[in-house]
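Structure at a glance
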Amino acid sequence: MVGGGQILLHDISLSIAPREFVAIVGGSGAGKSTLADILIGLLRPRSGAVVVDGRPLADADLPAWRRSIGYVPQDGFLFHDSIRQNLAWVKPGATEAEMWTALERAEAADFVRARPEALDTVVGDQGVRLSGGERQRLALARALLARPELLVLDEATSALDPVNERLILDTLRQLARSVTIVVITHRLAAIRQADVIHVLAGGRVVESGTWTSLEAR
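Residues numbered from 1 in each chain as written. Predicted model: local features only at pLDDT ≥ 70, side-chain atom pairs only at ≥ 80, totals over all residues. Heavy atoms only, no water.

Where nonpolar side chains cluster on the molecular surface, the patch consists of F77, F79, W89 and V90 and spans about 390 Å² of accessible area. Relative to the elements of secondary structure, V90 occurs in the loop between α3 (83–88) and α4 (96–105). (Patch = residues over 30% accessible without salt bridge, like charges linked within 9 Å, V, L, I, M, F, W, Y side chains within 5 Å. Areas by Shrake-Rupley, 256 points an atom, 1.4 Å probe, with all protein chains shown as cover. Salt bridge = Lys/Arg side-chain N within 4 Å of Asp/Glu carboxyl O. Helix = DSSP H or I, 4+ residues; strand = E, 2+ residues; numbered from the N terminus.)

Okay, here's the thing in structure tokens:
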């Protein structure tokens with residue numbers, strides 16, 4: 001696999017089962033973000049293929065594939081607008097009931113209800129009026145509002161304090177019953193509950209297993 005004219009990933013081969021909670025971990029420069037970009041269709045491999053439901057993902061399939069994915073980056077961008085409008089960005093026709101369901105699933109409903117204006121609360125430029133944990137839970141709710149088949153979180157908890165990080169990871173464990181989840185992080189200890197952990201180093205998968213099996217090695 002190649003990106004920007006430079007080989008960034010080598011002989012990557014891994015599978016993700018439906019409703020599985022998968023973690024991809026590794027240090028800086030290991031190839032995690034490149035793998036995420038390939039997974040969500042922003043980059044195309046020069047060799048090899050991304051295979052979905054038994055068939056290679058063709059260029060013509062990319063628009064539909066991207067629509068099936070919810071993506072939460074490290075800094076979930078929020079507009080200087082209401083919570084309602086920030087959620088509606090991914091699904092303009094969403095009903096208020098759908099928004100509250102997404103907020104509940106992301107463990108964000110309580111802090112939204114606690115504010116006098118609830119969904120009409122203005123979050124400020126880039127969400128400055130919210131805490132870091134609230135911003136990320138709102139970004140997660142926005143991704144869930146579109147009812148994705150695959151949810152990808154790219155270093156989405158790395159800037160959070162341990163309490164908020166644990167809250168979001170516990171939420172993901174519950175969500176894994178209804179959506180396939182891939183968490184990309186540099187912190188192995190952050191994803192103990194993952195079904196499978198793939199460890200990247202130098203653009204290669206060097207180990208795979210559960211937390212218990214990797215710890216035992």
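Residues L87, L103, L151, L172, I181 and I197 are the most contacted members of the largest nonpolar core, which totals 46 residues. Sorting elements by how many residues they give to this core places helix α6 (residues 132–145) first, with 7 residues. Grouped together as the second largest cluster of nonpolar side chains are 20 residues, L9, V22, I24 and I38 included. (Core = buried A, V, L, I, M, F, W, Y, C linked by side-chain atoms within 4.5 Å. Buried < 20%, exposed > 50% of the residue type's maximum accessible area, 1.4 Å probe, protein only.)

Burial of strand β7 (residues 150–154) is extensive: 5 of the 5 residues sit out of reach of the surface. Here β7 shows two buried faces, one formed by L150, V152 and D154 and the other by L151 and L153. Relative to strand β8 (residues 180–185), β7 is paired through 5 bridges, and the arrangement is parallel. When the bridges of β8 are listed, L151 appears paired with I181. (Pairing = 2+ DSSP bridges.)

The next point concerns the side chain of T185. Relative to the helices and strands, T185 is located in strand β8. Its relative accessible area of 3% is what places T185 among the buried residues. Aside from chain neighbours lying at most four places away, what touches T185 is I24, V25, G26, K32, E155 and I191. (Contact = heavy atoms within 4.5 Å.)

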